[in-house]
Amino acid sequence: KQEVTQIPAALSVPEGENLVLNCSFTDSAIYNLQWFRQDPGKGLTSLLLIQSSQREQTSGRLNASLDKSSGRSTLYIAASQPGDSATYLCAVRGSYNTDKLIFGTGTRLQVFP
Amino acid sequence: EPEVTQTPSHQVTQMGQEVILRCVPISNHLYFYWYRQILGQKVEFLVSFYNNEISEKSEIFDDQFSVERPDGSNFTLKIRSTKLEDSAMYFCASSDGTQSLETQYFGPGTRLLVL
């Protein structure tokens with residue numbers, strides 16, 4: 001059974017720092033992995049999707065990498081800003097034959113001025 | 001930019017009552033999903049829907065739950081007889097389904113409180 005873990009659970013950094021959020025999954029046979037941000041009491045905003053055949057994806061200050069064999073993905077945020085404060089979730093889709101995303105517990109990020 | 005919308009944003013109901021949560025997926029999307037998040041817990045998959053039928057459902061999605069696409073734009077989740085443990089944020093999502101566009105886009109959620 002696929003388990004998705006995110007470390008750290010919470011992170012507080014000063015504005016301007018580059019930071020890395022980690023996501024681990026127990027079954028390396030995934031179809032894709034998606035990173036989301038969730039603002040308090042709000043929905044999930046999709047940030048990046050990485051297909052299993054890809055190593056990384058970039059969008060603006062965000063870069064997500066995927067190492068399937070080791071069951072890991074990282075989300076790199078460059079030059080963090082207070083507006084980046086949110087909970088970041090990763091979710092894996094197990095195979096082409098399943099639609100469901102299996103979510104991690106999230107990393108709550110606070111960027112202070 | 002197109003987005004998934006959900007109504008109502010909040011709903012309070014008495015245990016045993018029926019509730020219907022509504023979603024309008026992104027217009028050209030073909031795959032629709034419901035997830036839920038109990039306070040302080042992970043987001044959990046409930047059901048996926050394609051071509052007017054359920055394509056996959058989780059163990060949570062028992063006989064108390066049903067989904068429907070009553071017209072070309074709405075997608076609903078019905079809980080027939082709500083329990084206290086159904087209190088959660090319910091998210092609707094949709095995706096295009098083609099290989100290059102499999103991102104699931106989530107709505108803002110409906111917060112359901114069962115008393």
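Our subject is the structure listed above.
Residues numbered from 1 in each chain as written. Chains lettered and ligands numbered in written order. Predicted model: local features only at pLDDT ≥ 70, side-chain atom pairs only at ≥ 80, totals over all residues. Heavy atoms only, no water.

J.: Please give an account of the pattern of salt bridges that cites residues and values.
T.: Residues and elements named next belong to chain B. For the structure on display, the rule yields three salt bridges over all chains. Residue Glu 44 is joined to Arg 36 by a salt bridge in which the shortest nitrogen-to-oxygen separation is 3.2 Å. The exposure class of Glu 44 is partly exposed, given its relative accessible area of 25%. (Salt bridge = Lys/Arg side-chain N within 4 Å of Asp/Glu carboxyl O. Buried < 20%, exposed > 50% of the residue type's maximum accessible area, 1.4 Å probe, protein only.)

J.: Give a description of the pairing of strand 11 (residues 110–114) of chain B that names residues and reports values.
T.: Residue and element names in this part refer to chain B. Only one face of strand 11 is buried, namely the one carrying Thr 110, Leu 112 and Val 114, since none of Arg 111 and Leu 113 on the opposite face is buried. Here strand 9 (residues 88–95) pairs with strand 11 via three bridges, running antiparallel. What sits directly across from Tyr 90, in strand 11, is Thr 110. (Helix = DSSP H or I, 4+ residues; strand = E, 2+ residues; numbered from the N terminus. Pairing = 2+ DSSP bridges.)

J.: Go over a nonpolar patch on the surface with me, naming the residues and quoting the values.
T.: On the surface, a cluster of nonpolar side chains totalling about 280 Å² of accessible area is made up of Val12(B), Leu113(B) and Leu115(B). By the element assignment, Val12(B) lies in strand 2 (residues 10–13). (Patch = residues over 30% accessible without salt bridge, like charges linked within 9 Å, V, L, I, M, F, W, Y side chains within 5 Å. Areas by Shrake-Rupley, 256 points an atom, 1.4 Å probe, with all protein chains shown as cover.)

J.: Now, about the sheet that holds strand 1 (residues 5–7) of chain B: what can you tell me, with residues and values included?
T.: Residues and elements named next belong to chain B. Within the open sheet, the four strands sit side by side as 1-3-8-7. Their pairing is antiparallel. Strand pairing shows two members of the sheet lacking a second neighbour, strand 1 and strand 7 (65–68), which therefore form its edges. On average, adjacent strands in this sheet sit at an angle of 20 degrees to one another, irrespective of strand direction. Where strand 3 (residues 19–24) meets strand 8 (residues 75–79), five bridges bridge the pair, whose relative direction is antiparallel. (Axes fitted to C-alpha atoms, helices over the stretch in contact; angles between N-to-C directions.)

J.: Tell me about the interface of chain B and chain A, and please be specific about residues and values.
T.: Listed per partner, the contact involves 20 residues of chain B and 24 residues of chain A. Here chain B meets chain A over a buried area of about 1,700 Å², counting both sides, of which 49% is carbon and sulfur. Our enumeration of links across chain B and chain A arrives at zero salt bridges. Put simply, the parts of the chain that give the side of chain B that touches chain A at least two residues each are strand 4 (31–37), strand 5 (43–50), strand 6 (53–57) and strand 9 of chain B. Counting residues per element, the side of chain B that touches chain A draws most heavily on strand 4 of chain B, at four residues. Residue composition of the side of chain B that touches chain A, grouped by class: nine nonpolar, seven polar and four charged. (Contact = heavy atoms within 4.5 Å. Buried area = accessible area lost by both parts, 1.4 Å probe. Nonpolar A, V, L, I, M, F, W, Y, C, P; charged D, E, K, R; others polar.)

J.: Hey, could you go over the nonpolar core for me, with residue numbers and the actual values?
T.: Nonpolar side chains in soluble globular proteins tend to be buried together. Judged by nonpolar contacts, the single largest core of 23 residues is most densely connected at Leu33(A), Trp35(A), Leu75(A), Ile77(A) and Tyr88(A). Elements represented by at least two residues in this core include exactly strand 3 (19–25), strand 4 (32–38), strand 5 (44–51), strand 7 (62–67), strand 8 (72–77), strand 9 (86–93) and strand 11 (107–112) of chain A. With residues near it in sequence (within four places) discarded, Leu33(A) still touches Cys23(A), Phe25(A), Leu48(A), Leu49(A), Ile50(A), Leu66(A), Ser73(A), Cys90(A), Ala91(A) and Val92(A). Counting 21 residues, the second-largest nonpolar core is a separate cluster that includes Cys23(B), Val47(B), Phe61(B) and Phe75(B). (Core = buried A, V, L, I, M, F, W, Y, C linked by side-chain atoms within 4.5 Å.)

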